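# Breakdown of the fold
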Amino acid sequence: MENKNLILFNKLKINLLYAGAAFFFVGIFWLLIAGTGLIGLIILGLGLGLLAYILAGNFRETLEYIKAMDWKAIGSKYYYLLVILAIFIMVNVISNKRFLRWDITESRRYTLSPHTRNLLKQLEQGKKQIKVLFFRTEVPLIESVDDLLKEYKARCPIIEFEYIDPDKAPQRAKEYNIRSINVPYGNYKLYGTIIILSAGLKESIDVVKVDYRQAGGNYQPYLKLLDNLEKDISSAFLRITKSKKKIYFIYGHGEVDLDDMDKSGWSETKKVIADENYIVDKIYLASLGNIPEDCSLLVVGAPQKNYTDMEYEFLNKYLESGGHILVMLEPFTKNNINLFLNKWGLTTSERFVIDPASSYWFQPVIPLIKAYNFHPITEKLQASTYFPTAAGIEIMSKRPEGVDIQPLAKTTPESWLETDTSGKQVKYNPGLDKKGPIDIMVVVSKKIAENKEMRMVIIGDSDFASNSNVKYYGNMDLLLNTLNWLAGKEELIGIRSKPVESREIQLTQVKLKFVLYSCVIILPLLIIVAGVIIWLKRR
(Lines give C-alpha, C1' and ligand atoms only; values in the text may rest on other atoms or scores of the structure.)
Protein backbone atom coordinates (compact mmCIF):
# COMPACT_ATOMS: atom_id res chain seq x y z
CA MET A 1 0.00 0.00 0.00
CA GLU A 2 1.43 3.35 -1.03
CA ASN A 3 2.48 5.87 1.60
CA LYS A 4 -0.25 8.45 2.25
CA ASN A 5 2.25 11.31 2.14
CA LEU A 6 3.38 10.21 -1.30
CA ILE A 7 -0.18 10.36 -2.57
CA LEU A 8 -0.59 13.85 -1.15
CA PHE A 9 2.67 14.84 -2.81
CA ASN A 10 0.95 15.12 -6.16
CA LYS A 11 2.42 14.93 -9.61
CA LEU A 12 2.61 18.70 -10.15
CA LYS A 13 4.70 19.21 -7.05
CA ILE A 14 7.03 16.35 -8.04
CA ASN A 15 7.57 17.97 -11.44
CA LEU A 16 8.21 21.33 -9.79
CA LEU A 17 10.76 19.71 -7.48
CA TYR A 18 12.60 18.12 -10.42
CA ALA A 19 12.46 21.38 -12.40
CA GLY A 20 13.81 23.39 -9.47
CA ALA A 21 16.70 20.96 -8.96
CA ALA A 22 17.46 20.95 -12.69
CA PHE A 23 17.46 24.75 -12.94
CA PHE A 24 19.64 24.98 -9.81
CA PHE A 25 22.36 22.66 -11.11
CA VAL A 26 22.26 24.12 -14.64
CA GLY A 27 22.64 27.61 -13.17
CA ILE A 28 25.62 26.52 -11.03
CA PHE A 29 27.24 24.80 -14.04
CA TRP A 30 26.60 27.86 -16.24
CA LEU A 31 28.29 30.21 -13.76
CA LEU A 32 31.27 27.86 -13.33
CA ILE A 33 31.85 27.62 -17.08
CA ALA A 34 30.89 31.10 -18.31
CA GLY A 35 31.67 33.12 -15.18
CA THR A 36 29.28 35.75 -13.92
CA GLY A 37 26.48 36.42 -16.35
CA LEU A 38 22.84 37.52 -16.31
CA ILE A 39 21.55 34.32 -17.95
CA GLY A 40 23.30 32.06 -15.43
CA LEU A 41 22.01 34.14 -12.50
CA ILE A 42 18.43 34.04 -13.86
CA ILE A 43 18.55 30.22 -14.24
CA LEU A 44 20.04 29.80 -10.76
CA GLY A 45 17.47 32.19 -9.25
CA LEU A 46 14.61 30.34 -10.93
CA GLY A 47 15.86 27.01 -9.56
CA LEU A 48 16.23 28.38 -6.03
CA GLY A 49 12.75 29.96 -6.24
CA LEU A 50 11.08 26.70 -7.26
CA LEU A 51 12.93 24.70 -4.57
CA ALA A 52 12.04 27.26 -1.93
CA TYR A 53 8.36 27.20 -2.97
CA ILE A 54 8.15 23.39 -2.75
CA LEU A 55 10.16 22.99 0.43
CA ALA A 56 8.49 25.87 2.29
CA GLY A 57 4.97 24.43 2.08
CA ASN A 58 5.68 20.71 1.67
CA PHE A 59 8.94 20.11 3.53
CA ARG A 60 7.71 17.03 5.38
CA GLU A 61 6.09 15.49 2.31
CA THR A 62 9.24 16.20 0.27
CA LEU A 63 11.39 14.49 2.87
CA GLU A 64 9.08 11.46 2.92
CA TYR A 65 9.12 11.30 -0.86
CA ILE A 66 12.91 11.40 -1.01
CA LYS A 67 13.20 8.65 1.64
CA ALA A 68 10.72 6.43 -0.19
CA MET A 69 12.52 6.69 -3.53
CA ASP A 70 14.14 3.50 -4.83
CA TRP A 71 17.68 4.85 -5.14
CA LYS A 72 19.06 1.53 -6.35
CA ALA A 73 16.65 1.43 -9.28
CA ILE A 74 17.33 5.08 -10.04
CA GLY A 75 21.10 4.48 -9.93
CA SER A 76 20.73 1.50 -12.26
CA LYS A 77 18.56 3.53 -14.60
CA TYR A 78 20.80 6.60 -14.77
CA TYR A 79 24.19 4.88 -14.35
CA TYR A 80 25.29 5.25 -17.98
CA LEU A 81 24.01 8.82 -18.13
CA LEU A 82 26.11 9.70 -15.09
CA VAL A 83 29.18 8.00 -16.63
CA ILE A 84 28.75 9.98 -19.87
CA LEU A 85 28.30 13.19 -17.86
CA ALA A 86 31.45 12.44 -15.85
CA ILE A 87 33.44 11.82 -19.05
CA PHE A 88 32.10 15.07 -20.50
CA ILE A 89 33.17 17.02 -17.40
CA MET A 90 36.59 15.34 -17.39
CA VAL A 91 37.17 16.17 -21.08
CA ASN A 92 36.25 19.81 -20.42
CA VAL A 93 38.59 20.02 -17.43
CA ILE A 94 41.47 18.53 -19.47
CA SER A 95 40.73 20.78 -22.46
CA ASN A 96 40.97 23.82 -20.19
CA LYS A 97 44.50 22.75 -19.28
CA ARG A 98 45.57 21.46 -22.72
CA PHE A 99 44.58 23.21 -25.95
CA LEU A 100 43.88 20.52 -28.56
CA ARG A 101 42.33 20.90 -31.98
CA TRP A 102 42.03 18.72 -35.04
CA ASP A 103 42.16 20.73 -38.26
CA ILE A 104 40.72 18.70 -41.15
CA THR A 105 40.55 21.56 -43.68
CA GLU A 106 42.44 20.97 -46.94
CA SER A 107 44.90 23.86 -46.45
CA ARG A 108 44.96 23.54 -42.62
CA ARG A 109 43.73 27.12 -42.43
CA TYR A 110 43.01 26.92 -38.69
CA THR A 111 46.50 25.67 -37.77
CA LEU A 112 49.45 27.98 -37.16
CA SER A 113 52.20 27.65 -39.76
CA PRO A 114 55.56 26.05 -38.86
CA HIS A 115 57.19 29.48 -39.19
CA THR A 116 54.87 30.95 -36.54
CA ARG A 117 55.34 27.94 -34.25
CA ASN A 118 59.13 28.33 -34.50
CA LEU A 119 58.81 32.02 -33.66
CA LEU A 120 56.57 31.38 -30.63
CA LYS A 121 58.99 28.72 -29.38
CA GLN A 122 61.78 31.31 -29.54
CA LEU A 123 59.64 33.86 -27.69
CA GLU A 124 58.84 31.35 -24.94
CA GLN A 125 62.50 30.44 -24.49
CA GLY A 126 63.45 34.12 -24.38
CA LYS A 127 60.86 34.70 -21.63
CA LYS A 128 60.41 38.29 -22.78
CA GLN A 129 57.27 39.90 -21.40
CA ILE A 130 54.70 40.41 -24.16
CA LYS A 131 51.18 41.73 -23.81
CA VAL A 132 48.47 41.64 -26.49
CA LEU A 133 45.45 43.94 -26.24
CA PHE A 134 42.59 43.20 -28.60
CA PHE A 135 40.12 46.09 -28.89
CA ARG A 136 37.11 44.59 -30.59
CA THR A 137 33.36 44.49 -30.93
CA GLU A 138 31.76 41.09 -30.31
CA VAL A 139 30.37 40.42 -33.79
CA PRO A 140 30.60 37.31 -36.03
CA LEU A 141 33.16 38.99 -38.32
CA ILE A 142 35.68 39.16 -35.45
CA GLU A 143 35.11 35.65 -34.01
CA SER A 144 37.76 33.98 -36.20
CA VAL A 145 40.35 36.47 -34.90
CA ASP A 146 39.56 35.33 -31.33
CA ASP A 147 40.15 31.73 -32.44
CA LEU A 148 43.48 32.67 -34.02
CA LEU A 149 44.67 34.47 -30.87
CA LYS A 150 43.72 31.40 -28.80
CA GLU A 151 46.09 29.37 -31.00
CA TYR A 152 48.87 31.86 -30.23
CA LYS A 153 48.11 31.72 -26.50
CA ALA A 154 48.12 27.91 -26.49
CA ARG A 155 51.50 27.78 -28.25
CA CYS A 156 53.12 30.49 -26.11
CA PRO A 157 51.68 30.74 -22.56
CA ILE A 158 53.99 33.61 -21.58
CA ILE A 159 52.03 35.98 -23.85
CA GLU A 160 49.38 37.85 -21.86
CA PHE A 161 46.12 38.47 -23.73
CA GLU A 162 43.41 41.00 -22.84
CA TYR A 163 40.16 41.57 -24.71
CA ILE A 164 38.66 45.06 -24.45
CA ASP A 165 35.36 46.51 -25.65
CA PRO A 166 36.17 50.18 -26.45
CA ASP A 167 32.59 51.27 -25.73
CA LYS A 168 32.77 49.81 -22.21
CA ALA A 169 36.35 51.01 -21.57
CA PRO A 170 36.61 54.35 -23.41
CA GLN A 171 39.63 55.48 -21.37
CA ARG A 172 41.67 52.42 -22.44
CA ALA A 173 40.64 53.01 -26.05
CA LYS A 174 41.66 56.67 -25.82
CA GLU A 175 45.02 55.69 -24.29
CA TYR A 176 45.91 53.67 -27.40
CA ASN A 177 44.15 55.97 -29.89
CA ILE A 178 41.60 53.34 -30.93
CA ARG A 179 39.10 54.44 -33.57
CA SER A 180 36.02 52.69 -34.91
CA ILE A 181 35.80 51.79 -38.60
CA ASN A 182 33.94 54.43 -40.61
CA VAL A 183 31.98 51.87 -42.66
CA PRO A 184 28.77 50.69 -40.88
CA TYR A 185 28.41 47.05 -39.82
CA GLY A 186 24.70 46.57 -39.19
CA ASN A 187 23.75 48.42 -36.00
CA TYR A 188 27.24 48.03 -34.50
CA LYS A 189 30.07 50.49 -34.15
CA LEU A 190 32.84 48.18 -35.29
CA TYR A 191 36.27 48.00 -33.65
CA GLY A 192 39.08 45.59 -34.49
CA THR A 193 42.61 46.60 -33.46
CA ILE A 194 45.37 44.43 -31.98
CA ILE A 195 48.03 46.20 -29.88
CA ILE A 196 51.24 44.27 -29.09
CA LEU A 197 53.41 45.63 -26.26
CA SER A 198 56.92 44.60 -25.19
CA ALA A 199 59.83 46.43 -23.52
CA GLY A 200 58.32 49.86 -24.17
CA LEU A 201 57.69 49.12 -27.88
CA LYS A 202 54.28 48.99 -29.52
CA GLU A 203 52.89 47.43 -32.71
CA SER A 204 49.35 48.02 -33.98
CA ILE A 205 47.32 45.86 -36.41
CA ASP A 206 43.86 46.74 -37.75
CA VAL A 207 42.32 43.31 -38.43
CA VAL A 208 39.42 44.61 -40.55
CA LYS A 209 39.85 46.42 -43.85
CA VAL A 210 37.44 48.17 -46.19
CA ASP A 211 37.00 46.68 -49.67
CA TYR A 212 34.65 47.53 -52.52
CA ARG A 213 32.31 45.49 -54.67
CA GLN A 214 30.02 46.39 -57.51
CA ALA A 215 26.32 46.66 -56.67
CA GLY A 216 23.69 48.25 -58.88
CA GLY A 217 26.24 49.83 -61.18
CA ASN A 218 28.15 51.44 -58.29
CA TYR A 219 30.98 50.30 -56.04
CA GLN A 220 29.82 49.83 -52.47
CA PRO A 221 32.19 49.53 -49.49
CA TYR A 222 32.10 46.41 -47.36
CA LEU A 223 34.18 45.05 -44.48
CA LYS A 224 36.42 41.99 -44.47
CA LEU A 225 39.27 40.57 -42.39
CA LEU A 226 42.86 40.91 -43.54
CA ASP A 227 43.71 38.23 -46.09
CA ASN A 228 46.63 36.80 -44.11
CA LEU A 229 46.24 37.94 -40.53
CA GLU A 230 48.56 35.29 -39.07
CA LYS A 231 51.45 36.62 -41.16
CA ASP A 232 50.75 40.19 -39.98
CA ILE A 233 50.60 39.17 -36.31
CA SER A 234 53.76 37.05 -36.50
CA SER A 235 55.61 39.85 -38.32
CA ALA A 236 54.58 42.26 -35.56
CA PHE A 237 55.94 39.86 -32.91
CA LEU A 238 59.19 39.68 -34.86
CA ARG A 239 59.52 43.45 -35.13
CA ILE A 240 58.83 44.08 -31.46
CA THR A 241 60.95 41.31 -29.92
CA LYS A 242 63.88 40.74 -32.28
CA SER A 243 66.68 43.10 -33.24
CA LYS A 244 66.61 44.02 -36.92
CA LYS A 245 69.33 42.99 -39.32
CA LYS A 246 70.23 44.99 -42.40
CA ILE A 247 70.20 43.73 -45.98
CA TYR A 248 71.95 45.79 -48.65
CA PHE A 249 71.05 45.44 -52.35
CA ILE A 250 73.85 46.46 -54.71
CA TYR A 251 72.75 49.09 -57.26
CA GLY A 252 74.27 50.71 -60.32
CA HIS A 253 74.50 47.76 -62.75
CA GLY A 254 70.84 47.22 -63.71
CA GLU A 255 69.99 45.00 -60.73
CA VAL A 256 66.47 44.27 -59.46
CA ASP A 257 64.64 47.49 -58.52
CA LEU A 258 63.23 47.58 -54.97
CA ASP A 259 61.03 50.59 -55.79
CA ASP A 260 59.57 49.30 -59.06
CA MET A 261 55.85 48.56 -58.64
CA ASP A 262 55.57 46.85 -62.03
CA LYS A 263 55.11 43.07 -62.27
CA SER A 264 58.82 42.58 -62.82
CA GLY A 265 59.77 44.95 -59.98
CA TRP A 266 60.54 44.19 -56.35
CA SER A 267 58.44 46.72 -54.39
CA GLU A 268 56.09 44.03 -53.00
CA THR A 269 59.07 41.75 -52.37
CA LYS A 270 60.72 44.54 -50.37
CA LYS A 271 57.65 44.63 -48.08
CA VAL A 272 57.76 40.84 -47.70
CA ILE A 273 61.42 41.03 -46.64
CA ALA A 274 60.76 43.93 -44.26
CA ASP A 275 57.96 41.92 -42.61
CA GLU A 276 60.59 39.31 -41.78
CA ASN A 277 62.18 41.96 -39.52
CA TYR A 278 64.89 43.19 -41.89
CA ILE A 279 65.95 46.70 -42.80
CA VAL A 280 66.32 46.84 -46.59
CA ASP A 281 68.63 49.42 -48.14
CA LYS A 282 70.63 50.14 -51.31
CA ILE A 283 74.38 50.39 -51.74
CA TYR A 284 76.52 51.77 -54.58
CA LEU A 285 79.92 50.08 -54.28
CA ALA A 286 81.64 52.43 -56.72
CA SER A 287 80.79 55.54 -54.70
CA LEU A 288 81.00 54.06 -51.20
CA GLY A 289 84.23 52.17 -51.69
CA ASN A 290 83.49 49.50 -49.08
CA ILE A 291 80.74 47.39 -47.55
CA PRO A 292 79.12 48.91 -44.40
CA GLU A 293 79.90 47.27 -41.06
CA ASP A 294 76.19 46.86 -40.23
CA CYS A 295 75.65 44.68 -43.34
CA SER A 296 74.26 41.28 -42.35
CA LEU A 297 73.63 40.22 -45.92
CA LEU A 298 74.56 41.55 -49.36
CA VAL A 299 72.40 40.92 -52.44
CA VAL A 300 73.71 40.88 -56.00
CA GLY A 301 70.37 41.03 -57.81
CA ALA A 302 70.80 39.86 -61.42
CA PRO A 303 73.10 42.64 -62.74
CA GLN A 304 72.76 43.52 -66.43
CA LYS A 305 76.12 45.33 -66.72
CA ASN A 306 79.71 44.52 -65.76
CA TYR A 307 81.15 45.04 -62.29
CA THR A 308 84.61 46.58 -62.07
CA ASP A 309 87.57 44.58 -60.80
CA MET A 310 87.61 46.76 -57.69
CA GLU A 311 83.93 45.95 -56.94
CA TYR A 312 84.60 42.21 -57.25
CA GLU A 313 87.55 42.68 -54.93
CA PHE A 314 85.20 44.23 -52.34
CA LEU A 315 82.86 41.25 -52.66
CA ASN A 316 85.65 38.69 -52.30
CA LYS A 317 87.16 40.43 -49.28
CA TYR A 318 83.71 40.59 -47.69
CA LEU A 319 83.23 36.83 -48.17
CA GLU A 320 86.73 35.95 -46.99
CA SER A 321 86.08 37.86 -43.77
CA GLY A 322 82.97 35.75 -43.10
CA GLY A 323 80.39 37.73 -45.06
CA HIS A 324 77.12 36.49 -46.56
CA ILE A 325 75.96 37.11 -50.15
CA LEU A 326 72.92 36.18 -52.23
CA VAL A 327 73.66 36.16 -55.97
CA MET A 328 70.80 36.03 -58.48
CA LEU A 329 71.40 35.53 -62.20
CA GLU A 330 69.42 35.88 -65.42
CA PRO A 331 70.04 34.28 -68.83
CA PHE A 332 70.68 36.37 -71.96
CA THR A 333 72.80 38.86 -69.97
CA LYS A 334 76.33 39.53 -71.21
CA ASN A 335 78.32 40.53 -68.14
CA ASN A 336 81.48 39.43 -66.38
CA ILE A 337 79.83 37.78 -63.35
CA ASN A 338 81.96 34.67 -63.99
CA LEU A 339 85.05 36.62 -62.89
CA PHE A 340 83.50 36.49 -59.44
CA LEU A 341 81.84 33.03 -59.58
CA ASN A 342 84.91 31.20 -60.95
CA LYS A 343 86.91 32.14 -57.85
CA TRP A 344 84.41 30.11 -55.80
CA GLY A 345 84.23 27.09 -58.11
CA LEU A 346 81.15 28.02 -60.16
CA THR A 347 80.33 29.24 -63.65
CA THR A 348 77.25 30.24 -65.66
CA SER A 349 76.39 31.12 -69.26
CA GLU A 350 73.88 33.06 -71.32
CA ARG A 351 71.98 29.84 -72.04
CA PHE A 352 68.61 29.21 -70.37
CA VAL A 353 67.00 26.13 -68.86
CA ILE A 354 64.32 24.12 -70.68
CA ASP A 355 62.43 21.42 -68.75
CA PRO A 356 59.43 19.89 -70.56
CA ALA A 357 59.07 17.17 -67.88
CA SER A 358 58.42 19.58 -65.00
CA SER A 359 57.29 23.08 -65.89
CA TYR A 360 54.91 25.78 -64.69
CA TRP A 361 51.61 25.57 -66.59
CA PHE A 362 53.21 23.52 -69.40
CA GLN A 363 55.74 26.25 -70.22
CA PRO A 364 59.12 24.48 -70.55
CA VAL A 365 60.97 27.81 -70.17
CA ILE A 366 59.64 28.03 -66.58
CA PRO A 367 61.10 25.04 -64.69
CA LEU A 368 59.04 23.79 -61.75
CA ILE A 369 61.16 22.36 -58.92
CA LYS A 370 59.31 19.74 -56.87
CA ALA A 371 62.18 18.23 -54.85
CA TYR A 372 65.23 19.71 -53.16
CA ASN A 373 68.48 18.45 -51.69
CA PHE A 374 68.60 18.42 -47.90
CA HIS A 375 69.71 21.72 -46.36
CA PRO A 376 68.38 24.05 -43.61
CA ILE A 377 66.98 26.30 -46.37
CA THR A 378 64.90 23.53 -47.93
CA GLU A 379 64.45 21.13 -45.02
CA LYS A 380 60.93 22.37 -44.18
CA LEU A 381 60.00 23.50 -47.68
CA GLN A 382 57.02 21.47 -48.93
CA ALA A 383 55.64 23.47 -51.87
CA SER A 384 57.08 23.55 -55.37
CA THR A 385 58.89 26.62 -56.71
CA TYR A 386 59.11 27.92 -60.25
CA PHE A 387 61.79 29.98 -62.00
CA PRO A 388 60.80 31.95 -65.13
CA THR A 389 63.64 31.80 -67.70
CA ALA A 390 66.39 30.57 -65.40
CA ALA A 391 70.10 30.42 -66.06
CA GLY A 392 71.97 27.22 -65.32
CA ILE A 393 74.74 27.05 -62.71
CA GLU A 394 77.68 24.71 -63.30
CA ILE A 395 80.03 23.45 -60.58
CA MET A 396 83.60 23.49 -61.85
CA SER A 397 85.82 20.44 -61.48
CA LYS A 398 88.49 22.51 -59.72
CA ARG A 399 87.19 23.89 -56.44
CA PRO A 400 88.89 26.30 -54.04
CA GLU A 401 90.43 24.66 -50.99
CA GLY A 402 88.13 24.44 -47.97
CA VAL A 403 85.06 25.55 -49.91
CA ASP A 404 81.93 23.38 -49.69
CA ILE A 405 79.58 23.52 -52.70
CA GLN A 406 76.14 21.96 -52.41
CA PRO A 407 73.40 21.98 -55.11
CA LEU A 408 69.94 22.64 -53.64
CA ALA A 409 67.57 22.69 -56.61
CA LYS A 410 67.98 21.04 -59.99
CA THR A 411 65.81 20.24 -62.98
CA THR A 412 64.78 16.78 -64.22
CA PRO A 413 67.02 14.53 -66.43
CA GLU A 414 64.78 15.43 -69.41
CA SER A 415 65.85 19.10 -69.21
CA TRP A 416 68.66 20.85 -71.03
CA LEU A 417 70.47 24.19 -71.44
CA GLU A 418 69.18 25.76 -74.64
CA THR A 419 71.62 27.59 -76.91
CA ASP A 420 69.42 28.54 -79.89
CA THR A 421 67.13 31.48 -79.06
CA SER A 422 66.21 32.33 -82.64
CA GLY A 423 63.61 29.58 -83.28
CA LYS A 424 59.94 29.77 -82.28
CA GLN A 425 60.08 26.25 -80.85
CA VAL A 426 62.89 25.03 -78.66
CA LYS A 427 64.19 21.50 -78.98
CA TYR A 428 67.13 19.52 -77.68
CA ASN A 429 70.11 19.48 -80.01
CA PRO A 430 72.56 16.66 -79.12
CA GLY A 431 76.16 17.81 -79.01
CA LEU A 432 75.11 21.46 -78.83
CA ASP A 433 72.81 21.71 -75.82
CA LYS A 434 73.88 20.49 -72.41
CA LYS A 435 71.66 17.64 -71.14
CA GLY A 436 70.08 17.89 -67.66
CA PRO A 437 69.68 17.74 -64.79
CA ILE A 438 70.72 21.39 -64.47
CA ASP A 439 71.51 23.11 -61.17
CA ILE A 440 69.36 26.20 -60.58
CA MET A 441 70.31 26.88 -56.96
CA VAL A 442 73.66 26.26 -55.28
CA VAL A 443 75.02 26.93 -51.77
CA VAL A 444 78.68 27.79 -51.15
CA SER A 445 80.17 27.89 -47.64
CA LYS A 446 83.58 27.99 -46.00
CA LYS A 447 84.62 27.96 -42.36
CA ILE A 448 86.66 31.09 -41.66
CA ALA A 449 87.17 30.77 -37.90
CA GLU A 450 85.74 28.88 -34.92
CA ASN A 451 82.49 30.83 -34.91
CA LYS A 452 82.63 32.43 -38.34
CA GLU A 453 81.55 31.07 -41.72
CA MET A 454 81.26 32.63 -45.15
CA ARG A 455 77.98 31.84 -46.84
CA MET A 456 76.81 32.40 -50.38
CA VAL A 457 73.71 31.26 -52.27
CA ILE A 458 73.55 31.47 -56.07
CA ILE A 459 70.14 31.27 -57.79
CA GLY A 460 69.86 31.19 -61.58
CA ASP A 461 66.81 33.47 -61.60
CA SER A 462 65.52 36.67 -60.00
CA ASP A 463 62.00 36.71 -61.47
CA PHE A 464 60.87 33.97 -59.06
CA ALA A 465 60.84 36.66 -56.34
CA SER A 466 59.43 39.56 -58.38
CA ASN A 467 56.13 41.27 -57.51
CA SER A 468 54.11 38.96 -59.75
CA ASN A 469 55.63 35.69 -58.50
CA VAL A 470 56.87 36.01 -54.92
CA LYS A 471 53.57 35.12 -53.22
CA TYR A 472 52.80 32.02 -55.28
CA TYR A 473 53.71 28.37 -54.69
CA GLY A 474 56.78 28.09 -52.44
CA ASN A 475 58.63 31.07 -53.92
CA MET A 476 58.26 33.35 -50.90
CA ASP A 477 59.26 30.60 -48.47
CA LEU A 478 62.34 29.80 -50.57
CA LEU A 479 63.40 33.45 -50.71
CA LEU A 480 62.88 34.16 -46.99
CA ASN A 481 64.42 30.85 -45.89
CA THR A 482 67.47 31.73 -47.99
CA LEU A 483 67.74 35.21 -46.45
CA ASN A 484 67.28 33.87 -42.91
CA TRP A 485 69.97 31.21 -43.39
CA LEU A 486 72.40 33.68 -44.90
CA ALA A 487 71.75 36.21 -42.11
CA GLY A 488 72.22 33.56 -39.40
CA LYS A 489 68.54 33.44 -38.37
CA GLU A 490 68.08 29.69 -38.84
CA GLU A 491 65.53 29.52 -36.01
CA LEU A 492 63.06 31.46 -38.17
CA ILE A 493 63.34 29.20 -41.21
CA GLY A 494 59.98 27.59 -41.93
CA ILE A 495 56.79 27.69 -43.95
CA ARG A 496 54.76 30.89 -43.81
CA SER A 497 51.01 30.99 -43.46
CA LYS A 498 48.88 31.17 -46.56
CA PRO A 499 46.07 33.64 -47.30
CA VAL A 500 42.60 32.31 -46.63
CA GLU A 501 41.19 30.91 -49.84
CA SER A 502 37.65 31.87 -50.74
CA ARG A 503 35.52 28.76 -51.35
CA GLU A 504 32.13 30.11 -52.32
CA ILE A 505 29.29 28.03 -53.79
CA GLN A 506 27.48 29.84 -56.57
CA LEU A 507 23.82 28.77 -56.71
CA THR A 508 21.21 29.68 -59.29
CA GLN A 509 17.71 30.77 -58.23
CA VAL A 510 16.38 27.28 -59.03
CA LYS A 511 19.02 25.64 -56.81
CA LEU A 512 18.42 28.14 -54.02
CA LYS A 513 14.68 27.36 -54.06
CA PHE A 514 15.41 23.62 -54.04
CA VAL A 515 17.63 23.99 -50.93
CA LEU A 516 15.05 26.21 -49.22
CA TYR A 517 12.03 23.99 -49.89
CA SER A 518 13.81 20.67 -49.23
CA CYS A 519 15.42 21.73 -45.93
CA VAL A 520 12.81 24.08 -44.49
CA ILE A 521 9.56 22.49 -45.71
CA ILE A 522 9.88 18.99 -47.20
CA LEU A 523 12.20 17.31 -44.64
CA PRO A 524 10.38 18.64 -41.54
CA LEU A 525 7.05 17.66 -43.12
CA LEU A 526 8.30 14.11 -43.78
CA ILE A 527 9.40 13.77 -40.16
CA ILE A 528 6.00 14.95 -38.92
CA VAL A 529 4.16 12.53 -41.25
CA ALA A 530 6.38 9.62 -40.13
CA GLY A 531 5.70 10.50 -36.50
CA VAL A 532 1.93 10.58 -37.04
CA ILE A 533 1.99 7.21 -38.88
CA ILE A 534 3.99 5.55 -36.06
CA TRP A 535 1.63 7.05 -33.43
CA LEU A 536 -1.47 5.76 -35.28
CA LYS A 537 0.04 2.25 -35.62
CA ARG A 538 0.85 2.05 -31.91
CA ARG A 539 -2.73 2.99 -30.98
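Note: the structure precedes this text.
The rules behind these values
- Residues numbered from 1 in each chain as written.
- Predicted model: local features only at pLDDT ≥ 70, side-chain atom pairs only at ≥ 80, totals over all residues.
- Heavy atoms only, no water.
- 1 Å grid on protein atoms, 1.4 Å probe; cavity = no way out; pocket = protein on both sides within 12 Å on 5 of 7 lines; lining within 4 Å.
- Points joined across faces, edges and corners; volume = space filled by probe spheres on them.
- Helix = DSSP H or I, 4+ residues; strand = E, 2+ residues; numbered from the N terminus.
- Nonpolar A, V, L, I, M, F, W, Y, C, P; charged D, E, K, R; others polar.
- Domains from an automatic or database assignment.
- Pairing = 2+ DSSP bridges.
- Phe/Tyr/Trp six-rings, centres within 6.5 Å; stacked < 30°, edge-to-face > 60°.
- Buried < 20%, exposed > 50% of the residue type's maximum accessible area, 1.4 Å probe, protein only.
- Salt bridge = Lys/Arg side-chain N within 4 Å of Asp/Glu carboxyl O.
- Axes fitted to C-alpha atoms, helices over the stretch in contact; angles between N-to-C directions.
- Parallel < 35°, antiparallel > 145°, perpendicular 65-115°, else oblique.
- Left-handed = near helix turned anticlockwise from the far one by under 90°.
- Contact = heavy atoms within 4.5 Å.

## Brief notes about empty space enclosed by the protein
Within the structure shown, the criterion is met by one cavity of 30 Å³ or more. Roughly 100 Å³ of internal volume is contained in the largest cavity. As for the largest cavity, its lining consists of 14 residues, and the residues nearest its centre are His115, Lys231, Ser235, Glu276 and Arg496. When residues of the lining of the largest cavity are traced back to their parent elements, those giving at least two are α5 (114-126), α8 (229-241) and α9 (267-275). In terms of residue count, α8 provides more of the lining of the largest cavity than any other element does, five residues in total. Considered class by class, the residues forming the lining of the largest cavity number three nonpolar, six polar and five charged. The residues that make up the lining of the largest cavity include at least three from each of domain 2 (114-238) and domain 3 (245-486).

## Let's talk about the sheet that holds strand β14 (residues 385-386)
In spatial order, the strands read β12-β13-β14; together these three strands make up an open sheet with antiparallel pairing. Unpaired on one side and paired on the other, β12 (359-360) and β14 mark the two borders of the sheet. Across two bridges, the pairing between β12 and strand β13 (residues 363-369) is antiparallel. Bridging from a neighbouring strand, Tyr360 pairs with Gln363 of β13.

## A look at the packing of aromatic side chains
Per the counting criterion, the structure on display carries 13 aromatic pairs. Residues Phe332 and Phe352 carry aromatic rings whose centres are separated by 5.1 Å and whose planes lie at 50 degrees to one another, so their mutual orientation is tilted. A residue pair is termed long-range when its members are at least 10 positions apart, and Phe332 in the loop between β10 (324-328) and α12 (338-341) and Phe352 in strand β11 (residues 346-354) qualify at 20 residues. Given a relative accessible area of 46%, Phe332 falls into the partly exposed group.

## So, unusual backbone geometry
Note: most residues except glycine have negative phi, and most peptide bonds are trans. Residue Pro437 is reached from Gly436 by a cis peptide bond, and omega for that bond is 5 degrees. Summarising the element assignment, Pro437 is placed in the loop between β18 (434-435) and β19 (439-449). Phi at Thr389 takes a positive value of approximately 45 degrees, unusual for a residue other than glycine. Positionally, Thr389 belongs in the loop between β14 and β15 (391-395). Look at Tyr473: it is not a glycine, yet its phi comes out positive at around 50 degrees. As for its placement among the helices and strands, Tyr473 is situated in the loop between β20 (452-459) and α13 (475-486).

## Structural notes on the pattern of salt bridges
It is possible for side chains of opposite charge to pair when their charged atoms get near one another. Scanning the model with the defined rule gives 21 salt bridges in all. For the salt bridge of Arg172 with Glu162, the shortest nitrogen-to-oxygen distance reads 3.0 Å. A residue pair is termed long-range when its members are at least 10 positions apart, and Arg172 in helix α7 (residues 170-175) and Glu162 in strand β2 (residues 159-164) qualify at 10 residues. For Glu162, a relative accessible area of 24% translates into the label partly exposed. For Glu394, the salt bridge identified is with Lys434, shortest N-O distance 3.4 Å. Remark: Lys434 occurs in strand β18 and Glu394 occurs in strand β15; sequence separation between them is 40 residues. The exposure class of Lys434 is partly exposed, given its relative accessible area of 32%.

## Some points on the packing of α9 against α13
Between α9 and α13, the shortest axis-to-axis distance is 11 Å and the interhelical angle comes to 55 degrees. Relative to α13, the element α9 is oriented oblique. Along this stretch, α9 crosses α13, giving a crossing that reads as right-handed. Residues Thr269, Val272 and Ile273 of α9 pack against Met476, Leu479, Leu480 and Leu483 of α13. Here the residues of the contact of α9 with α13 are counted per class, giving six nonpolar, one polar and no charged.

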